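# Observations on the three-dimensional arrangement
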Amino acid sequence: MSYRNLDIYKIAFDLFLKTHKASLLLPKHELYELGSQLRRSSDSVITNIVEGYGRSCYKNDYIRFLVFSHAINDETINHLEKITILYPEFALEFETLKSEYNTLGGKINNYKKWVKENWNESKP
């Protein structure tokens, strides 16, 4: 099995692509400020899933990276909230992303709980 088979990875990757594209709609001066923060946090959600999976033979490390991914997912939602307030002309696009990140956060949290209860150190 690979991290690529995880639903949370697939969803996070798809959301990263959508978020990256949407961030380019922002005014030029915002591309390197809030837009950059949004792109980096969105990417970090995925990166922590991947890095955690790479350490999955150590259950506590795996859980720790899932916690990071969940926290950064919340950070991404916060960036999206700021954008919808600052740039109401893009609110629909960014509200949709925020909703999808909320769903992803629940899925990461559920998966983290599953790992805590079911993962054993002999799994790859």
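Computed from a prediction, not measured in an experiment: that's the story for all the values here. (Residues numbered from 1 in each chain as written. Predicted model: local features only at pLDDT ≥ 70, side-chain atom pairs only at ≥ 80, totals over all residues. Heavy atoms only, no water.)

A few words on the packing of aromatic side chains. Applying the stated criterion to the full structure yields 9 aromatic pairs. With a centroid separation of 5.0 Å and an interplanar angle of 75°, the aromatic rings of Tyr-3 and Tyr-9 are classed as edge-to-face. Given the relative accessible area of 18%, Tyr-3 is considered buried. Here the aromatic rings of Tyr-9 and Phe-13 are separated by 5.8 Å at their centres, their planes lie at 35°, and the arrangement is tilted. In this pair, Tyr-9 and Phe-13 both sit in helix 1 (residues 7-23), 4 residues apart, roughly one turn of the helix. You can call Tyr-9 buried: its relative accessible area is 11%. Residue classification places Phe-13 among the partly exposed positions, given a relative accessible area of 37%. By the ring-pair criterion, three or more aromatic residues cluster together here, those being Tyr-53, Tyr-62, Tyr-111, Trp-114 and Trp-119. (Phe/Tyr/Trp six-rings, centres within 6.5 Å; stacked < 30°, edge-to-face > 60°. Buried < 20%, exposed > 50% of the residue type's maximum accessible area, 1.4 Å probe, protein only. Helix = DSSP H or I, 4+ residues; strand = E, 2+ residues; numbered from the N terminus.)

Note on placement: Ser-42 falls in helix 3 (residues 34-54). Residue Ser-42 is classed as buried on the basis of its relative accessible area, which comes to 1%. Along the backbone, Ser-42 and Asn-60 are 18 residues apart, and their C-alpha atoms lie at a distance of 23 Å. Residues within four places of Ser-42 in sequence aside, it is in contact with Leu-15, Phe-16, Thr-19, Thr-76 and Tyr-101. (Contact = heavy atoms within 4.5 Å.)

Here we take up the nonpolar core. In this structure, Leu-6, Ile-8, Tyr-62, Phe-94, Leu-104 and Tyr-111 are the most contacted members of the largest nonpolar core, which totals 33 residues. Contributing elements (two or more residues each) for this core: helix 1, helix 3, helix 4 (59-86) and helix 5 (91-118). If we skip the residues at most four places from it in the chain, Tyr-111 touches Leu-6, Ile-8, Tyr-62, Leu-66 and Trp-119. (Core = buried A, V, L, I, M, F, W, Y, C linked by side-chain atoms within 4.5 Å.)

With that out of the way, let us pick up the pattern of salt bridges. Evaluation of the coordinates by the stated rule reveals 7 salt bridges. Across the salt bridge formed by Glu-100 and Lys-18, the nearest N and O atoms sit 3.0 Å from each other. Residue Glu-100 is located in helix 5, and its partner Lys-18 is located in helix 1; the two are separated by 82 residues in the primary sequence. Using a relative accessible area of 24% as the deciding quantity, one classes Glu-100 as partly exposed. Its relative accessible area of 36% is what places Lys-18 among the partly exposed residues. The closest approach of N and O atoms between Glu-81 and Lys-98, which form a salt bridge, is 3.9 Å. You can see Glu-81 sitting in helix 4 and its partner Lys-98 sitting in helix 5, a full 17 residues away along the chain. What makes Glu-81 partly exposed here is its relative accessible area of 32%. Connected through shared salt-bridge partners, Glu-51, Arg-55, Asp-61 and Arg-64 make up one network. (Salt bridge = Lys/Arg side-chain N within 4 Å of Asp/Glu carboxyl O.)

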